[in-house]
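Structural description and commentary
Single-letter residue listing:
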Amino acid sequence: MPALTCAAVSTLQSFVSIMGVFFATQTPADLSSPKTLKDGEVFDFIIAGGGAAGCVLANRLSEVEDWNVLLLEAGGEEPFESQIPAFGNNLKLSYLDWQYTTEPESTSCGGEPCQWPRGKVLGGGSSINDMIYNRGNRYDYDLWEQWGNTGWSYKDVLPYFKKSENNLDPDIANDTTYHSVGGYQSVGRFPYTDGNLNPIMKGFEDIGYKVVDFNGRQVLGVAHLQATNHYGVRRSTNEAFLTPIRHIRNNLKIVTNVRVTKILFDGKKAVGIEYVGEKDKCISGKLKASKEVIVSCGSINSPQLLLQSGIGPKETLENLGIPVIKNLKVGYNLHDHTGSFVVSYFVGNSTRPNSDDINRDAILYSQTNRNGPWSGIGSLSVTAYANSRYANTSIDFPDIQFSTIPSTTDSKEPGYCENNAVSPWCYYNRITFMPAILRPTCRGLLTINSSDPFDRPLLYPNNFCDDHDMNTIIDGFVAATKLAESKSFKENGFVLDKTPPPKCAHLEYGTEPYWRCGAMVGTHSNYHAVGTCKMGPDTDPDAVVDPNLRVYGVPNLRVIDSSIMPQVVSGNTNAPTIMIAEKGADLVKKSYGIPIH
């Protein structure tokens, strides 16, 4: 099964370029230029970071007409190509990505640095992710509250999930206990049903999995997932929360291509920020916040900004000559949903295209109501949840999630091949069933080794640090191979590929040593890193923010994004990040006596 031809790739790139010009954003770049800022300007609230959380906050805080809100984003405006669901694979490692890598560790990525994509664009990760709308498990949030985070139980956060949601699928939306319509965030199934979707789901059913809505009553099972799309067009938080209001509310100012380099203090009280132009470093200045500075830069950039500003481990800051504002465990508790590319199948129904196919699909997408293969994400539309040997099977709290990752290859080598770097998700001849560890016990560290805010932070993920995490992913590998025995896979020509990674070729396929080797060689992040500004009660020595998301010991400073999660939720993190911002905005309003609706 050949991969994409050079001619097909060239055709695809030409179409993207032409369509990008035609559908260019209607927001003139100069309206959000750093040059529109004036040194010494005063705002009520300054939001550092226009990502998944920052866009939600900008909308909700600017609902208060008397508040003057500034949103600052290091990346630029969201481009047309990010709106095409199938192109999510092409956005990672592009100019829209911070392109972070971890420090090499012997237990992951074959001893090489791992790629950790993060959105550098208005909308952040929600503009480059795979659009999966997954809230996690109810028990995640109940645990948060049990650990002292009052107000963060499932019954407390469910209304905030529903507040954002505009569910487009009547069979889902009718379940009003868990879903709603009318919110800013469109959620629904993709309009295009990939030809392998039903055979994959049927394969899981054949081996004992029920079809579920994992945002509803049951999580354990297999699902045709819902996504942050609006009838075949990506709905990032930029598109969902900012586009409808940014040219209407005069009390909201949005500036892109500017990096917040430091939080400013009067004693220990946050009073403003310093900024530098991301593309033109000659542009710089200071801005004042009369009420609060809110850090929403994400799980990597938020802790980095705090550290650069003097909030973090005392010994780290003193060694770098950074004055210590508050000694806190910033950067600790780093963890992710770690997976691995080991169990792959060649598919009978290949979707590899030639130039004529791409011509057809481009027309389908651009000249119809956003339909055809480009309006979906291929086999990724299926996900499943399973139990490892450690899961508490007396409750519905699975600890493994499968991603069904498509790729194009003409080789017999497991994992992504070179050609997949230019292949949209809808074009593939191979699927990797990647298990991810939903509740890892291992914790890593984010730190800095320079006082220069433009130097990259150091990321130590500490993957597979113990047998719990390793055994969990091994159980996932074993479960994925059972699909080969399903009636559906046999009838539809899915063939298990037992070719080993080169570094594991000396080991027998399917043995524990083989799986251990595969896990450490084929390691892959699900891009769900969290926890670096941990939320916790004042009795928690590792907590950075309190349950109101205020930074301990630093008045007028909050962190509101995925970095506050004490433990990663048991699912994708985009929907929970939106929820955190929705709830965070209400926490801010309540502290100033603003009625909550």
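Whatever comes next refers back to the structure up there.
Residues numbered from 1 in each chain as written. Predicted model: local features only at pLDDT ≥ 70, side-chain atom pairs only at ≥ 80, totals over all residues. Heavy atoms only, no water.

Things to note about the pattern of salt bridges
We apply this condition: Any Lys or Arg side-chain nitrogen located within 4 Å of an Asp or Glu carboxyl oxygen qualifies as a salt bridge. Numbered from the N terminus, helices here are DSSP runs of H or I no shorter than four residues, and strands are runs of E no shorter than two. The classification of residues rests on relative accessible area computed with a 1.4 Å probe and restricted to protein chains. Under 20% of the type maximum is buried, over 50% is exposed, and intermediate values are partly exposed.
By the definition in use, this model includes 27 salt bridges. Across the pair R189 and D171 runs a salt bridge, and its minimum N-O distance is 2.9 Å. On the criterion of sequence distance, the pair formed by R189 in the loop between β6 (185-187) and α7 (197-206) and D171 in helix α6 (residues 170-173) is long-range, its members being 18 residues apart. Residue class for R189 comes out partly exposed when judged on its relative accessible area of 27%. Linking D542 and K329 is a salt bridge whose minimum nitrogen-to-oxygen distance equals 3.0 Å. Here the residue D542 occupies a position in the loop between β22 (523-525) and β23 (557-559), and K329 occupies one in the loop between β13 (326-327) and β14 (338-340), the gap between them amounting to 213 residues. Using a relative accessible area of 31% as the deciding quantity, one classes D542 as partly exposed. The exposure class assigned to K329 is partly exposed, which follows from its relative accessible area of 31%. A single salt-bridge network, built from bridges that share partners, covers R60, E63, K163, E582, D586 and K589.

Comments concerning empty space enclosed by the protein
What counts is decided by this rule: A 1.4 Å probe that fits but cannot get out identifies a cavity on a 1 Å grid over protein atoms alone, an open set with protein on both sides within 12 Å along at least five of seven lines counts as a pocket, and a residue lines either if it has an atom within 4 Å of a point. Grid points are joined across faces, edges and corners, and a volume is the space filled by probe spheres set on the points. Each residue is assigned to one class: nonpolar for Ala, Val, Leu, Ile, Met, Phe, Trp, Tyr, Cys and Pro, charged for Asp, Glu, Lys and Arg, and polar for all the others, Gly among them.
Considering all chains together, one arrives at 3 cavities of 30 Å³ or more under this definition. Estimates place the volume of the largest cavity at around 110 Å³. Lining the largest cavity are 13 residues, with D336, T338, P440, P461 and N463 positioned closest to its centre. A volume near 40 Å³ is recorded for the second largest cavity. Elements represented by at least two residues in the lining of the second largest cavity include exactly α5 (154-164) and α15 (574-591). Each residue belonging to the lining of the second largest cavity can be placed in one class, and the counts come to 6 nonpolar, 2 polar and 1 charged.

Quick look at the pairing of strand β17 (residues 400-407)
Consecutive residues of a regular strand have side chains that alternate between opposite faces of the sheet. The test is simple: At least two DSSP bridges between two strands are required for those strands to pair.
Taken across its 8 residues, β17 has 8 buried, putting it largely inside the fold. Going residue by residue along β17, you find I400, F402, T404 and P406 tucked away on one face and Q401, S403, I405 and S407 tucked away on the opposite face as well. One ladder, built from 4 bridges, connects strand β16 (residues 382-386) with β17; its direction is antiparallel. By the bridge assignment for β17, T383 is matched with S403. In the sheet, β17 pairs with strand β18 (residues 430-437) via 8 bridges, with the strands oriented antiparallel. Of the residues in β18, the one forming a bridge with Q401 is A436.

All we've got here are geometric facts, nothing functional implied.
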